[in-house]
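Fold and contact review
If you want the building blocks of each chain, they are given just below.
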Amino acid sequence: MAAFGTVFTPEMILSRFSNDSWTEPQFVATDSISLHPGAHVLHYSSTCFEGLKAFKHADGSVYIFRMDKNVARLAQSSALLALPKFDPAMLSRMIVDIVGRYASEVPTPPGSMYIRPTHIGTEASIGKAAAPSLESMLYVLLSPVGDYFAGGAKPLRLLLEDNARCAPHMGMVKSGGNYASALQPIMKARAAVQADQVLFCPNGDVQETGAANFLLIDGNELITKALDASFLHGITRDSILTLARDRGMKVSERELTVDELLERAAKPGAEAALSGTAAVLTPVGTLIHNGKEYQVGNGQGGATTNALRQALNDIQWGKAADTHGWLTKVC
Ligand code: PLP
Ligand code: COI
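No experiment lies behind these values; they were computed from the predicted model shown.

What counts, and where the lines are drawn
- Residues numbered from 1 in each chain as written.
- Chains lettered and ligands numbered in written order.
- Predicted model: local features only at pLDDT ≥ 70, side-chain atom pairs only at ≥ 80, totals over all residues.
- Heavy atoms only, no water.
- Near = heavy atom within 4 Å.
- Polar contact = N/O pair within 3.5 Å; in protein donor to acceptor, adjacent residues only side chain to side chain.
- Areas by Shrake-Rupley, 256 points an atom, 1.4 Å probe, with all protein chains shown as cover.
- 1 Å grid on protein atoms, 1.4 Å probe; cavity = no way out; pocket = protein on both sides within 12 Å on 5 of 7 lines; lining within 4 Å.
- Sits in = over half its atoms within 2 Å of the grid points.
- Nonpolar A, V, L, I, M, F, W, Y, C, P; charged D, E, K, R; others polar.
- Domains from an automatic or database assignment.
- Helix = DSSP H or I, 4+ residues; strand = E, 2+ residues; numbered from the N terminus.
- Contact = heavy atoms within 4.5 Å.
- Buried area = accessible area lost by both parts, 1.4 Å probe.
- Salt bridge = Lys/Arg side-chain N within 4 Å of Asp/Glu carboxyl O.

**Regarding the site of ligand 2**
- Surrounding ligand 2, one finds Phe49, Gly51, Tyr114, Arg116, Tyr148, Lys174, Tyr179, Ala211, Thr277 and Ala278.
- One nitrogen or oxygen atom from the main chain of Thr277 is found 3.4 Å from an oxygen atom belonging to ligand 2.
- Contacts to ligand 2 include Ala278, whose backbone N or O atom sits 2.8 Å from an oxygen atom.
- With the chains in place, 88% of the 280 Å² that ligand 2 exposes on its own is no longer accessible.
- Comparing atom positions with the cavity grids shows ligand 2 to sit within the largest pocket.
- Its residues placed into classes, the shell around ligand 2 shows six nonpolar, two polar and two charged.
- When residues are assigned to domains, the shell around ligand 2 turns out to be shared by domain 1 (11-145) and domain 2 (156-316), each giving three or more.

The structure is reproduced here in structure tokens:
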């Protein structure tokens with residue numbers, strides 16, 4: 001199986017903004033765009049993106065999961081980066097049109113079609129370090145995918161890091177610069193302690209990893225950081241919290257400190273997991289902090305994590321009723 005996100009459909013769909021208007025979205029070849037070397041995005045990182053998925057149901061029909069939420073988040077990221085405003089209805093149409101065109105290439109479960117809407121500032125102006133790009137490009141890439149983590153659902157090892165993932169006011173923006181600023185800590189954690197991911201906990205505040213949100217499960221309670229500007233408001237996080245509430249679990253969105261996490265994670269039956277479009281819900285088996293390793297529960301993931309992942313997949317795969325109206329039918 002090819003690595004996650006390395007295979008693309010031959011076409012994407014693209015619209016450009018200039019002179020205060022958007023061009024009619026067009027299908028274009030995926031393997032190239034033309035960009036001025038002085039484009040704003042290449043110098044001042046005016047870029048944001050989304051990650052969502054389309055699923056194939058047993059009867060061959062294709063559905064997109066929570067598209068409205070992802071479109072709204074890209075609109076919010078664009079606004080926070082002072083990129084040109086787009087009509088959410090236009091982007092939704094672009095997504096449905098490109099997925100519909102490549103519906104036959106949407107993998108069957110457990111695979112899916114990963115959808116990557118991207119918005120970049122294209123104005124050729126290297127003087128605009130402190131001014132927004134007045135031109136931009138919005139495109140939607142498609143990539144048929146399987147599991148994000150190479151080990152499948154094998155419990156992950158996380159290194160708890162005292163620094164932040166990114167600037168505190170940028171965490172809720174899904175922007176390339178945030179991933180760049182997290183890269184060195186993640187590479188160091190891999191090399192030093194064979195960690196799969198870093199859990200960023202500035203000043204003891206348990207926030208998120210480089211590409212997923214963090215959830216602690218202790219008996220019937222699910223605990224995760226309450227929404228603020230410092231981290232990404234995951235749509236999988238929101239879905240899992242909803243499914244946990246549906247099952248009668250207590251959902252606590254509040255501050256979680258490293259001390260409390262290490263104490264509660266050690267209890268028998270405790271579970272921890274990462275949630276994200278790519279990660280789905282992946283169990284965490286080990287936390288590493290200040291040179292010490294802490295096993296989460298029995299270190300093997302647990303029944304609640306599995307049940308919540310299954311409940312999410314069942315809706316995505318059309319095996320359970322879509323009671324929350326999360327699916328958009330493409331064809
Ligand atoms: N946090 C970060 C930094 C991410 O990159 C992602 C992945 O998209 C998430 C959280 C989870 O967000 P979502 O569930 O919307 O995919
Ligand atoms: C996603 O889950 O959609 C992400 O954005 C993670 C990723 C950077 C592969």
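The rest of the description comes next.
**A few points about the site of ligand 1**
- As a structural note, the neighbourhood of ligand 1 is formed by 17 residues, with Lys174, Tyr179, Glu208, Thr236 and Thr277 the closest of them.
- One of the side-chain N or O atoms of Lys174 is found 2.7 Å from an oxygen atom in ligand 1.
- In the environment of ligand 1, an oxygen atom lies 2.7 Å from a nitrogen or oxygen atom belonging to the backbone of Ile235.
- Isolated, ligand 1 exposes 380 Å² of accessible area, and the fraction of that covered by the protein chains is 97%.
- Taking a 2 Å distance to the grid points as the criterion, the majority of the atoms of ligand 1 fall inside the largest pocket.
- Elements that contribute at least two residues to the shell around ligand 1 include exactly β11 (208-209), α5 (235-246) and β15 (271-276).
- In terms of residue class, the shell around ligand 1 is built from five nonpolar, eight polar and four charged.

**Things to note about the domain arrangement of the protein**
- One can read the domain layout of the protein as domain 1 (11-145) and domain 2 (156-316).
- Its C-alpha centre places domain 1 at a distance of 27 Å from the equivalent point of domain 2.
- The partner domain 2 presents 19 residues to the 20 residues of domain 1 that form the contact.
- Surface buried jointly by domain 1 and domain 2 totals about 1600 Å² across both partners, of which 60% is contributed by carbon and sulfur atoms.
- For the domain 1 face of the interface with domain 2, the top three residues by lost area are Phe49, Phe65 and Arg73, together amounting to 34%.
- Where domain 1 touches domain 2, the interface holds one salt bridge.
- We note a salt bridge from Arg66 to Asp238, for which the minimum N-O separation is 2.7 Å.
- Here domain 1 is connected to domain 2 by nine residue pairs in polar contact (both at pLDDT 80 or more).
- Contributing elements (two or more residues each) for the side of domain 1 that touches domain 2: β4 (47-49), β5 (52-56) and α2 (67-80).
- The greatest single-element share of the side of domain 1 that touches domain 2, amounting to six residues, is contributed by α2.
- Split into classes, the residues belonging to the side of domain 1 that touches domain 2 amount to eight nonpolar, seven polar and five charged.

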